[in-house]
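Coordinates in review
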Amino acid sequence: MSITKPAKSDPERTPPELLSEEMARKLTDLAAALRKGVAPSVEDLETIERLSKLKTLFSAHDNGRRKKIEIGFLCATALLLIGLAFVRMPSTAVDLDVRATKVRLALTNQRSASLIPGELGEILALKQARVSGADEVDPPTVGESGSFELNQFVPSSGTTTHGGSEDMAVRLQEISIPSDSPLTIAVGVAYAADSRGLVFEASGSKPSTARFGEVIPLGKEVHNEKTVRYAISPVRAGGKNLSLELFPANSERQLTVFRDMHVSEVCFEDAGHSTILGGLAFIKSRGEASVPLQPSDRLTIRSASPMLVRKLTLTKGELKATLSAPRATTIQVGEDSPRNLMPTLFEWIRFRWPNQLYATLSALVALWLATRRWWESSK
Amino acid sequence: MMRLANHTMIFISICCSALPGAAQDRPAFCEPVPDALLGGLQAPYARQVAPDNNIYCEGLLRNPIALPPTSVVSVKQDQAGNCLFVPNRIASLTWCDDPQEPVHVRLRSFKSPMFALDAMHTHKFEWRTDLIAQWQPDWRNIAAIGIREANIGGQTYKLVVPLRNGAGYSSSYAFVVRSKIPLHLNTALIEPLQPPNQPEAVAVTFVSGPSKETWMATIPFARMKNGVYRVTFEEGVEQAGNTTEPIYLRHKVCGGQ
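No experiment lies behind these values; they were computed from the predicted model shown.

Below, the discussion takes up the overall build of chain A. Helices and strands together make up the secondary structure of chain A, namely four helices and 20 strands. Looking at the 379 residues of chain A, the share that counts as buried comes to 37%. Taking contacts inside chain A between residues at least 6 apart in sequence as the whole, the part at least 24 apart equals 74%.

Written out as structure tokens, the structure is:
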């Protein structure tokens, strides 16, 4: 028996489709013959059987092609998901809230030439100030070797003062830094026998200057009684590697070292060791609320644009730094094998458009299932 | 305003670095300001020749934009009455110091227009009054300070020599302090450096100076020995403790008081 030629030849139609049509036509003819009372011939039955076998053969061939397409689609989807899960964002916004014993900052060129630890130009009252690395000291007799110590004046017993309301603390009036050259400032915790203070180290190609006021007595014998007046004698120290250890008179009070200062680099390390005591890192493009920082964690942060030290304070012997990096390119935390905290593309999409992400994934799965079903039914 | 000032300073520093030879014809003691920044001024700060053929600098500068620390900007011998410069005369600035020591004479206007003069002379300085009489004729509106270097005990100090308009001498010195922040200075700490002696605190009363942000006080030095004194104006120890930058005052008594 030969297969009857289809009514209309169509090169775009697949063999299973052509076979289905032929078979449908044969079955219709057979049904019509049965309705007329004509018994189906053996030839007709064989023809239908051959068509059915051919269709099965072609369908099996078509299933293989469909599976290839499906596997390809799944591979592409898997690759896309792997890419989204592993490829990290080029930059992200990071906020850090860190407690540490020392922080090193490289200042940007956009800065004020004057720094005063304290709030809004307040003169800082100190119990003690230790200065080292000074290339120039005024008056020179105070520190000829470049190192000197200024102490809060303690009146001896038996002296009479004018009113008794004098503040004998050493005054830190100003720290001037060069505004037009690179400068690195390290701020740390200074330790003394009974108190903690602030270490301030400024290193640059141009000298930084600190201005102090030391209370000195101006004694005078009046009627065998020593009446003392006090005055503030200015002391200025300048140097390219100036180091100051400042012990506030009121150690309980929070001391703000910097506020809203732009820096290009931040480092929480000293002599190869991490100085971090604890804190939190908030990575804006990640789903997690925050990443806790453990003592001795090495924290590496780099940014494509200047970072902002919102405030750096000394509170109860600890430095607290609040820092914002709007375009951090590297943020790593850990010891030997640091954990990269830069968000992946998937985390970023999940952070930016969480509802849209899940809706799109659901829609894709539903579409795929519907397509498969339609495909199978079309056979 | 501060940001604007910073940007302007950056611009000026770029201009200064870009124009290294712009002010080369002026002596080293003159203001190192590039000529490019003096454009548009009616009488720009420039090299001049004094009647004794010495070179000095005189003219107008741009308004200062930096924020200097609280400091003494003028030390003059106290002079009663109005001292006005009139044109076409020879004016003289005098001081009392070792006659062989050259002193850098530095005049700056307290208020606009910003007249400036820098000269390096011994004993006294004479110059024609044409420019100063035109731009800032009132001696009270001019910050005047004489500076010379001295080696004392192996250290180099910049000594401040009180200047006087015209001949004569007064041992009362008028100090003008400039500060951007409000101050309540009420004491002058005078620390003798040469000859060394015990420091002394002198109560002073500051009155408003010739321009805003300036304050003026006069201290008689008649009873002080000739020498060098470190002078600091300050608030009392009961207060915050603001002080001026100290100056090393060269005090010497001359005849003709």
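Residues and elements named next belong to chain B. Here 10 strands make up an open sheet; going across it, the order is β1-β2-β6-β5-β8-β9-β17-β16-β12-β13 and the pairing mixed. Only two strands of the sheet have a single neighbouring strand rather than two, namely β1 (46–49) and β13 (200–203). Within this sheet the neighbouring strands show an average axis-to-axis angle of 30°, counted without direction.

For the structure on display, the rule yields one cavity of 30 Å³ or more. Space inside the largest cavity adds up to approximately 40 Å³. Lining the largest cavity, in full, are A:Asp138, A:Gln173, A:Arg211, A:Phe212, A:Pro234, A:Val235, A:Arg236, B:Arg230, B:Glu245 and B:Pro246. Examining the composition of the lining of the largest cavity, we find that three residues originate from one element, strand β11 (residues 225–248) of chain A, more than from any other.

The omega torsion across A:Asp138 and A:Pro139 is 0°, close enough to zero to call that bond cis. Note that A:Pro139 resides in the loop between β5 (136–138) and β6 (148–151). Residue B:Gln194 is joined to B:Pro195 through a cis peptide bond whose omega torsion reads -5°. With respect to the helices and strands, B:Pro195 occurs in the loop between β12 (187–194) and β13. With phi around 60°, B:Asn88 is a residue other than glycine that occupies positive phi space. Summarising the element assignment, B:Asn88 is placed in the loop between β3 (71–77) and β4 (90–95). By relative accessible area, B:Asn88 is classed as exposed at 68%. Even without being a glycine, B:Glu213 presents a positive backbone phi close to 70°.

Let us look at the interface of chain A and chain B. On the chain B side, the residues contacting the 24 residues of chain A number 26 residues. Ranking the residues of chain A by area buried against chain B places A:Arg211, A:Ile232 and A:Pro234 at the top, with a combined share of 26%. A salt bridge links A:Asp138 to B:Arg230, with the nearest nitrogen and oxygen atoms 3.9 Å apart. Linking chain A to chain B there are 12 residue pairs in polar contact (both at pLDDT 80 or more). If you list the elements that add at least two residues to the side of chain A that touches chain B, you get β8 (170–176), β10 (196–222) and β11 of chain A. Here the residues of the side of chain A that touches chain B sort into 11 nonpolar, four polar and nine charged.

A separate point is helix α1 (residues 15–35) of chain A. Note on helix geometry: an α-helix contains 3.6 residues per turn, so any two residues three or four positions apart are oriented the same way. Residues and elements named next belong to chain A. If you check α1, its first and last C-alpha atoms are 30 Å apart, about what 21 residues at 1.5 Å a residue would give, namely 30 Å. Of all the residues in α1, the buried ones are Pro-16, Leu-19, Glu-22, Met-23, Lys-26 and Leu-30. For α1, the angular spread of buried residues about the axis comes to 125°, placing them on one side. Facing away from the buried side of α1, by more than 90 degrees, are the exposed residues Thr-28 and Arg-35.

Now for a negative patch on the surface. Residue and element names in this part refer to chain A. On the surface, a cluster of negative charge is made up of Asp-29, Glu-43, Asp-44, Glu-46 and Glu-49. Among the elements that take part in the negative patch, helix α2 (residues 42–86) stands out by supplying four residues, more than any other. In this fold, Asp-29 is placed in helix α1.

Conventions we followed
- Residues numbered from 1 in each chain as written.
- Chains lettered and ligands numbered in written order.
- Predicted model: local features only at pLDDT ≥ 70, side-chain atom pairs only at ≥ 80, totals over all residues.
- Heavy atoms only, no water.
- Helix = DSSP H or I, 4+ residues; strand = E, 2+ residues; numbered from the N terminus.
- Buried < 20%, exposed > 50% of the residue type's maximum accessible area, 1.4 Å probe, protein only.
- Contact = heavy atoms within 4.5 Å.
- Pairing = 2+ DSSP bridges.
- Axes fitted to C-alpha atoms, helices over the stretch in contact; angles between N-to-C directions.
- 1 Å grid on protein atoms, 1.4 Å probe; cavity = no way out; pocket = protein on both sides within 12 Å on 5 of 7 lines; lining within 4 Å.
- Points joined across faces, edges and corners; volume = space filled by probe spheres on them.
- Buried area = accessible area lost by both parts, 1.4 Å probe.
- Salt bridge = Lys/Arg side-chain N within 4 Å of Asp/Glu carboxyl O.
- Polar contact = N/O pair within 3.5 Å; in protein donor to acceptor, adjacent residues only side chain to side chain.
- Nonpolar A, V, L, I, M, F, W, Y, C, P; charged D, E, K, R; others polar.
- Expected span 1.5 Å × (residues − 1).
- Arc of directions from axis to C-beta.
- Patch = residues over 30% accessible without salt bridge, like charges linked within 9 Å, V, L, I, M, F, W, Y side chains within 5 Å.
- Areas by Shrake-Rupley, 256 points an atom, 1.4 Å probe, with all protein chains shown as cover.
- Lys, Arg positive; Asp, Glu negative; His and termini not counted.
- Charge placed at Lys NZ, Arg CZ, Asp CG, Glu CD.

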